[in-house]
Amino acid sequence: MQSKHFSIQFNLEETITRVISTRQITPKDKQQLKTAFLGHESLAEDEITLIDRILYGVRRGILEIVE
């Protein structure tokens, strides 16, 4: 179970980095962020903050949702 937790964390970090660097959220990124956030009891406070910043970026038009 621990290795699965590490895999989820690594993917989350990778997803956040990609979204911020490209300023775009793909459907796959959206799903990974949603999955991570819904299981947020295992997220660190800084990871929750990063997800909040991504949501802020979408609301303000800084990040684009692509299909």
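Residues numbered from 1 in each chain as written. Predicted model: local features only at pLDDT ≥ 70, side-chain atom pairs only at ≥ 80, totals over all residues. Heavy atoms only, no water.

A. Representation of the overall build of the chain within the structure. What the chain contains, in helices and strands, is three helices and two strands. Secondary structure of the chain in N-to-C order comes out as α-β-α-α-β. Looking at the chain residue by residue over its 67 residues, the buried ones come to 24%. In the chain, of all internal contacts separated by at least 6 residues, the share reaching a separation of at least 24 is 55%. Of the roughly 5,100 Å² that the chain leaves accessible, carbon and sulfur atoms contribute 57%. (Helix = DSSP H or I, 4+ residues; strand = E, 2+ residues; numbered from the N terminus. Buried < 20%, exposed > 50% of the residue type's maximum accessible area, 1.4 Å probe, protein only. Contact = heavy atoms within 4.5 Å. Areas by Shrake-Rupley, 256 points an atom, 1.4 Å probe, with all protein chains shown as cover.)

B. Molecular detail of the pattern of salt bridges. Enumeration over the complete set of coordinates arrives at two salt bridges. Across the pair E14 and R18 runs a salt bridge, and its minimum N-O distance is 3.9 Å. Of this pair, E14 and R18 both sit in helix α1 (residues 2–22), separated by four residues, roughly a single helical turn. For E14, a relative accessible area of 38% corresponds to the partly exposed category. We classify R18 as partly exposed; its relative accessible area is 30%. Among the salt bridges present, the one from R18 reaches D29, with a minimum N-O distance of 2.7 Å. Here D29 lies in helix α2 (residues 27–38) and R18 lies in helix α1, a separation of eleven residues in the sequence. For D29, a relative accessible area of 2% gives the class buried. What you see here is one network of salt bridges that share partners, running through E14, R18 and D29. (Salt bridge = Lys/Arg side-chain N within 4 Å of Asp/Glu carboxyl O.)

C. View of the nonpolar core. If you look at the biggest cluster of nonpolar residues, it comprises eleven residues: L12, I16, V19, I25, L33, A36, L43, I48, I51, I54 and L63. Elements with a minimum of two residues in this core: α1, α2 and α3 (45–59). (Core = buried A, V, L, I, M, F, W, Y, C linked by side-chain atoms within 4.5 Å.)

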